[in-house]
Structures are given as C-alpha cells and as structure tokens.
Amino acid sequence: MEPSTRSKAIMEFLKPRVGARVKSWLEICTKCGQCADTCHFYLAADRDPKMIPAAKVKYLSEIIRRKGEVDDEFIQKAYDCIYHECNMCRRCTQFCPFGINIADMIALTRALLFSQGVCPEALRSAIKNYHETGNQMGVSEEDWLDTLTWCEEEMESEIVGLKIPVDKVGAEIMYTINAREAKFYPQDIQEVAKIMHVAGASWTVPSKRGWDDTNLSMFVGDLKTSRTLVENTFARATELGAKKVAITE
Amino acid sequence: MDVLALAEGPLLWISLGVFAVGLVTRAALFLVESREKDKIFWQHFKWKWVLATMAKWLVPANRTVAKDPVFCALAYAFHFCLIVAPIWCLPHIIYWETSRLAWSFTALPDGLADWMTLAVLAIAVYLLIRRLSSPDLRYLSTASDYVLLVITALPFLTAYLSVHQSLGTGNLLGDNMQLIHILTGELMLVVVPFTKLSHAVLFFFSRAATAVEFGRREYSI
C-alpha cells in the first residue's frame, strides 16, 4: 500500500480509539521497570530487555508519534511483537504503580494492524468462517446436525435412552461447544451428553448460529465480529428460553 | 530589577501558575476526552473501586511492595519528602508570610527538613545508579528519563547548598546559590505538566481507569 494512504487510514482508525487513558499511559510511564519480571515472555527469554512489557508499547507510541507514517518493515516488527511476545494476560498491569494497562494497548495495536489487513492467517480464515457459517471451523448447519445425530446414535448402545436434545424450547441449560469438537473431537460432545444425561439435566443444543462459543475475532481486535458471535449465542438462548448458557471446557 | 528580584517575583508567580494551571488543565482534558472516547470507563464507574485502588497504591499496601520492597520503600520515601519538605520548610513559609498573601503556617524543624532534603538527594542518586546499572532500565530509558531526574533533584541539592552555604562565599556559585535554587525550582515546576512528571495528577486518573476495568472483572485492583 502507498505509505501516505496507509498513514491516513491508520490515523483515521486511531483517532476515535486513542482516548485520554491511552494518551496518559503512553506519557506517564516512568520506566521504573517493575513490570519486567512480571512477564512470562521476559522470564522465558532469559530476561531479554526487549520483552519488558513497558517496551512493547513502543510500537503504538511510535505509530502515533510518526502520525502513521510507518513502512512494511516496521509493521512486520510490530506484528512479531504484539502477536508473539505478548498474550495480553494483564499481569504487568497488576504490578504497575500507575496501573498502566499495557494489554489494552497491545489489543489496540492488534486491532490497528487488522484494520490494515495484517493478522495471523489462521485467525483470518477463522473470521472468514465465522462470517460464512457462524463457527470458526466452517461447519455447515447440515453437518452440525448430522454430527449430533450420529453422536447420539453411537452412544445409544452404551447408555439406553440417551439423547442430545436439539432446539428444545424451555430447557434450563443451553450447551455450546468449541467448533473444533464438531470437526475433530466429537467424543467430547458425547462425554458431555453422558454427564448431562446421568445428572438428569434439562439441556439442549442450538441448531442455528451461536452453538460455537469460541470468539477468535477478539484476538485480532475485530470487535464487530466478536459482538456478532456473542449476540448469536444470546439470541439462541433467548429463543429457546434457556436460563443458562454452558460453554465447553 | 536585578535577577534575584526577577526570580523571586514574576518568574516565581509565572512558574507556580504554569504548574497549577497546567496540572488542572491536564486533569480537565482527561475528563473531557475520556467522556467522549473512553465511554466504557464511565459506564462502569464505581467509587468503591477507585477508592480501594487509591488506598492500596497511595500507601505501600500493594503487591509491588511485596515483590520489590527496597525499591518501593525508597520510592514512597522519595515522594513523601519531595512533597512535604518544600511545602513545610521554614524559608518557604517565611516567603509566604512576607508575600502579599501573608499566609502563615507551622514549619518543620530545620533539622528534619534537612534530613528530608538529603533523603530526596540520596534516593535520586540511587534511582540514577539503578537506571544506569540495569540493562533493562538502560534499554527502556530515553534522554528525558535522565534529564527529568536531574531536574527533580536540582532544587533539593541547591536548597541544601544554599541553606548551609556549603560552597562558601566569594565565588560565583556560592554567592548565587539562592538564585540558582529559585531558578531550578521554577524549572521543575514548569516541566511537570508537560512531561512524565504529570503523573502528579494523571496517576489518579490512570489508577482509577484501571480500577474500574479490573473491578468489574473482579480482578485484583
């Protein structure tokens, strides 16, 4: 992309998102270093100063300082840091005398890069799947129902009368899974069904969008998709009149 | 008007004004901008979290103290002396008494004010050595981190030298130490609102913001 076009897009993205908190945090950090040994990346990298949480926000502050005028090499460096050297656990913030929320600023940098089309490929394809099918693995509704059916049939030989109730209105618990289970680990669905059956729980599984409880779009800062996914689950629970939504382990 | 009169008069009022108005403006700007852009903060705002975080961090009652007691003890002592000594030392009170405002209040004993000044200086030296000797802090630090430490320490160094006339008389530095003290003090006041020293007020806002965020998630604040 043309650098000038990009800088304009970057600043337009940042303008409504860099508020009083972020500006203050970037300014008041006294570089006291108390966050360093709270970070598992820092400790695991033999105390590499590059891994100090306070050092990792330099990409965001540089982008703001340069008014978005950054080249591909800089974007790549920022990408490596915010995806591979911080998992936004917020432990550093718990020890920062000012309570500077570094994870928030890393999340903002991830969202900024995503807005410029930069994010890990696996997450990009998961987000595409969310949009097309409502779940991260791209499982169609037909396949999902088929999986539930054969899971149920297979277990009937083990436990008499075991059912996986689909779209049962009025059930107390609406159970949701990680879409990987439907694709690769259906035995996990079976195990839960056994527990629910033995416990005598009133439960159900939704057939429509909302049955995948993962929210991988959150990791790239794609809050619009994140919101849609949560709304899907709540919409199914409301339709079915479920009192609780249970999510897989 | 000689330089001392200038430093004691207009320059002092200007620097106090920049300091006070600057910090109030920083606070006001934070509130205005956060209302617009940090809605999540105001939507979840609760005084109980804000007060709890202040109670933990304004005094040494937090987990960072447990992690690094030496640094924290010195950092708290540094801030305590840095704020208390200049406000309650006798020469400054005399200045208020003889000013148009004619304010008067009880002063710290001279000896105590002296010790507090020396404590600020000793801890400033510790902070400088710490910053220079740790590979982590050298990596993090920029020029301003060093310059601001010096700017912060200079009024205390010159206060001590001025009160005790340590450099004697009959030389340029010794004869003008009071003037240098006033000027360095004014320099420090002026830079506070525009640098990381603005944490003098932004500390409260930053802590409050995180307390609200962590409070609603039931994390430790």
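Criteria and cut-off values
Residues numbered from 1 in each chain as written. Chains lettered and ligands numbered in written order. Predicted model: local features only at pLDDT ≥ 70, side-chain atom pairs only at ≥ 80, totals over all residues. Heavy atoms only, no water. Helix = DSSP H or I, 4+ residues; strand = E, 2+ residues; numbered from the N terminus. Contact = heavy atoms within 4.5 Å. Axes fitted to C-alpha atoms, helices over the stretch in contact; angles between N-to-C directions. Parallel < 35°, antiparallel > 145°, perpendicular 65-115°, else oblique. Left-handed = near helix turned anticlockwise from the far one by under 90°. Nonpolar A, V, L, I, M, F, W, Y, C, P; charged D, E, K, R; others polar. Salt bridge = Lys/Arg side-chain N within 4 Å of Asp/Glu carboxyl O. Buried < 20%, exposed > 50% of the residue type's maximum accessible area, 1.4 Å probe, protein only. Patch = residues over 30% accessible without salt bridge, like charges linked within 9 Å, V, L, I, M, F, W, Y side chains within 5 Å. Areas by Shrake-Rupley, 256 points an atom, 1.4 Å probe, with all protein chains shown as cover. Buried area = accessible area lost by both parts, 1.4 Å probe. Polar contact = N/O pair within 3.5 Å; in protein donor to acceptor, adjacent residues only side chain to side chain.

J.: Describe the side chain of R236 of chain A, with residues and values.
T.: Residue placement: R236 of chain A occurs in helix α13 (residues 223–240). Beyond its immediate stretch of four places on either side in the chain, R236 of chain A contacts M174, P206, K208, R209 and G210 of chain A.

J.: How would you summarise the packing of helix α4 (residues 47–57) of chain B against helix α13 (residues 199–216) of chain B if you had to cite specific residues and measurements?
T.: All names here are of chain B. At a minimum axis distance of 8 Å, the contact between α4 and α13 shows a crossing angle of 120 degrees. Taken together, α4 and α13 sit at an angle that is classed as oblique. Our pair here, α4 against α13, has a crossing hand that is right-handed. Counted together, W49, V50, T53, M54 and W57 of α4 and F203, F204, R207, A208, A211, V212, G215 and R216 of α13 form the full contact between these two elements. Here the contact of α4 with α13 is built from residues that sort into nine nonpolar, two polar and two charged.

J.: Tell me what's going on with the pattern of salt bridges, and back it up with residues and numbers.
T.: Taken as a whole and assessed by the stated rule, the structure comprises 23 salt bridges over all chains. K37 of chain B is the salt-bridge partner of E33 of chain B, the closest N and O atoms lying 3.3 Å from each other. One end of the pair is E33 of chain B and the other is K37 of chain B, both in helix α2 (residues 10–37) and four residues apart, which spans about a single turn. Overall, E33 of chain B belongs to the buried group, its relative accessible area being 17%. Overlapping salt bridges bring together R90 of chain A together with E213, R216 and R217 of chain B as one network.

J.: So what's going on with a nonpolar patch on the surface? Which residues, and what values?
T.: All names here are of chain B. A grouping of L6, L11, I14 and L183 is seen on the molecular surface, where their side chains present a nonpolar patch of about 310 Å² in accessible area. If you trace the backbone, L183 turns up in helix α12 (residues 177–191). According to the relative accessible area criterion, L183 is partly exposed, its value standing at 35%.

J.: An account of the interface of chain B and chain A is requested, with residue identities and associated values reported.
T.: Accessible area lost during the coming together of the parts is what is often quoted as the interface size. The interface of chain B with chain A comprises 40 residues on the first partner and 38 residues on the second. Between chain B and chain A lies a buried interface of about 3,300 Å² when both sides are counted; carbon and sulfur atoms form 53% of it. On the chain B side of the contact with chain A, K67, Y139 and L140 of chain B bury the most area, a combined 18% of that side's loss. Seen at the junction of chain B and chain A, the total is six salt bridges. Run the count over chain B and chain A and you get 23 residue pairs in polar contact (both at pLDDT 80 or more). Elements that contribute at least two residues to the side of chain B that touches chain A include exactly α2, α3 (39–43), α5 (63–67), α8 (110–133), α9 (135–140) and α13 of chain B. Looking at the side of chain B that touches chain A residue by residue, the class counts come to 16 nonpolar, nine polar and 15 charged.

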